[in-house]
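Here is how the chains run, residue by residue.
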Amino acid sequence: MKVTIVGAGNVGATCADAIAYRRIASEIVLVDIREGFAEGKALDITQTQTTLGFNTKVVGSTNDYTKTAGSDVVVITSGIPRKPGMTREELIGINAGIVKSVAENLLQHSPNAIFVIVSNPMDTMTYLAFKSLGLPKNRIIGMGGTLDSSRFKTYLSLALDKPANDISGMVIGGHGDTTMIPLTRLASYNGVPVSQFLSEDALAKVAADTMVGGATLTGLLGTSAWYAPGASVSYLVDAILNDQKKMIPCSVYLEGEYGQSDICIGVPCIIGKNGVEQIVDINLNDAEKALFAKSADAVRSMNNDLGSHLA
Ligand SMILES: NC(=O)c1ccc[n+]([C@@H]2O[C@H](COP(=O)([O-])OP(=O)(O)OC[C@H]3O[C@@H](n4cnc5c(N)ncnc54)[C@H](O)[C@@H]3O)[C@@H](O)[C@H]2O)c1
Ligand SMILES: O=C(O)C[C@H](O)C(=O)O
């Protein structure tokens, strides 16, 4: 199976590295506009084959989309990341034009591909890709909830002092510092609700830390995080290419689900070879429904800033 990743920067190259050494795809194409940059990243990843023991073909391309032809999954990480103190939403002015043109170039060469949108503000970029490409909604997937849920489980693990892989938890809503919704009520440690082990205050702190998980790392790193984002993309691409039917929170186009329409926002999805194969209604309680509606209002207001990009 062939995967193209556009944007060979911190996130895109980490996606490629993870997909390669996990043997998720047989071929990876990295694309960037910086002369030689994608080719260099691809060659560097290739030179890990003998030490990490994989045979994935990884090639780079400086803006030549003919090399991406026939991709099964395409991933868009192209665009700028935020600096400390910025919101993801502040990136819309620069990234919207990049994401739209990259998406159109990709579709021209891979008409049957499933699209994974990573660039921020991710929910709005996913909406832009959906509106621009005219593809069925199952083939446009925004990656944010996977990452947010991994951070949620990490913070729960630290609070519980227990292995993160024994913890189940999900984050839905927008991929924003104030819009994401860590579902503390449904989180569990080996099937036991975490509320049995953590106080309400401790759970509130876990949720708050999760919501600003990206900003915390941007403050420490001076730019967006890349290891967990890259791993999250590989987790999603694995579910698609290997038809895993995993329930993963993804930003997808809603047509009445969760009481929302004409928006892309994070909801629980069954992910398989057809992309979004089902949107799962998990019976939110009234408080969670109110948070979701508030989150959707914020995401929708961002979509309204797309302006001419939607033309
Ligand atoms: N959805 C998520 O969970 C998530 C997680 C991390 C980062 N992000 C976002 O992903 C994006 C990339 O982050 P990063 O840290 O990798 O940034 P980066 O600056 O390291 O890499 C971005 C790359 O995109 C390239 N690029 C720019 N315009 C391009 C174009 N038109 N065609 C091809 N390549 C182009 C740049 O040359 C650069 O190499 C940012 O918008 C960031 O906010 C999203
Ligand atoms: O937070 C960022 O700037 C990047 C990304 O959306 C993240 O959550 O790491």
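Residues numbered from 1 in each chain as written. Chains lettered and ligands numbered in written order. Predicted model: local features only at pLDDT ≥ 70, side-chain atom pairs only at ≥ 80, totals over all residues. Heavy atoms only, no water.

**Examining the site of ligand 2**
Taken together, Arg82, Arg88, Asn120, Leu147, Arg151, His175, Gly214, Thr218 and Ser224 make up the full set of residues near ligand 2. Side-chain polar atom of Arg151 to an oxygen atom of ligand 2: 2.8 Å apart, as the coordinates give it. Surface burial for ligand 2 is 95%, taken as the share of its 260 Å² of free accessible area covered by protein chains. The residue inventory of the shell around ligand 2, partitioned by class, reads one nonpolar, five polar and three charged. Of the domains in this structure, domain 1 (2-144) and domain 2 (145-310) are the two that each give at least three residues to the shell around ligand 2. (Near = heavy atom within 4 Å. Polar contact = N/O pair within 3.5 Å; in protein donor to acceptor, adjacent residues only side chain to side chain. Areas by Shrake-Rupley, 256 points an atom, 1.4 Å probe, with all protein chains shown as cover. Nonpolar A, V, L, I, M, F, W, Y, C, P; charged D, E, K, R; others polar. Domains from an automatic or database assignment.)

**Details of the domain arrangement of the chain**
As far as domains go, the chain holds domain 1 (2-144) and domain 2 (145-310). Of note, the centres of domain 1 and domain 2, computed from C-alpha atoms alone, are 21 Å apart. For the domain 1 and domain 2 pair, buried surface summed over both sides reaches about 4,100 Å², with 65% attributable to carbon and sulfur atoms. Taken as a group, Arg88, Tyr127 and Lys137 account for 17% of the area that domain 1 buries against domain 2, more than any other trio of residues on that side. Run the count over domain 1 and domain 2 and you get six salt bridges. For Glu255, the salt bridge is made with Lys137, and the minimal N-O distance between the two is 3.0 Å. Our count for the contact surface shared by domain 1 and domain 2 stands at 20 residue pairs in polar contact (both at pLDDT 80 or more). Those elements that provide at least two residues to the side of domain 1 that touches domain 2 are α1 (10-21), β4 (73-76), α4 (92-109), β5 (114-117), α5 (122-133) and β6 (140-142). (Buried area = accessible area lost by both parts, 1.4 Å probe. Salt bridge = Lys/Arg side-chain N within 4 Å of Asp/Glu carboxyl O. Helix = DSSP H or I, 4+ residues; strand = E, 2+ residues; numbered from the N terminus.)

**Quick look at the nonpolar core**
One finds Val3, Ile5, Val75, Val237, Ile271 and Phe292 to be the most contacted residues of the largest nonpolar core, which totals 54 residues. When residues of this core are assigned to domains, at least three fall in each of domain 1 (2-144) and domain 2 (145-310). Non-local contacts of Val237, meaning those with residues more than four positions away in its chain, are made with Val3, Ile19, Ile24, Val73 and Val75. Counting residues in each nonpolar core, the second largest holds 28 residues, with Ile76, Val99, Ala113 and Tyr253 among its members. (Core = buried A, V, L, I, M, F, W, Y, C linked by side-chain atoms within 4.5 Å. Buried < 20%, exposed > 50% of the residue type's maximum accessible area, 1.4 Å probe, protein only. Contact = heavy atoms within 4.5 Å.)

**Side note on the site of ligand 1**
Taken together, 29 residues lie near ligand 1, and Asp32, Arg34, Ile80, Asn120 and Met143 sit nearest. Here Val11 contributes a backbone N or O atom positioned 2.8 Å from an oxygen atom of ligand 1. Calculation on ligand 1 without its partners gives an accessible area of 860 Å², and the protein chains cover 90% of this total. Considering each element in turn, the shell around ligand 1 owes the most residues, three residues, to α4. Broken down by class, the residue content of the shell around ligand 1 amounts to 15 nonpolar, 12 polar and two charged. Two domains each put at least three residues into the shell around ligand 1: domain 1 (2-144) and domain 2 (145-310).

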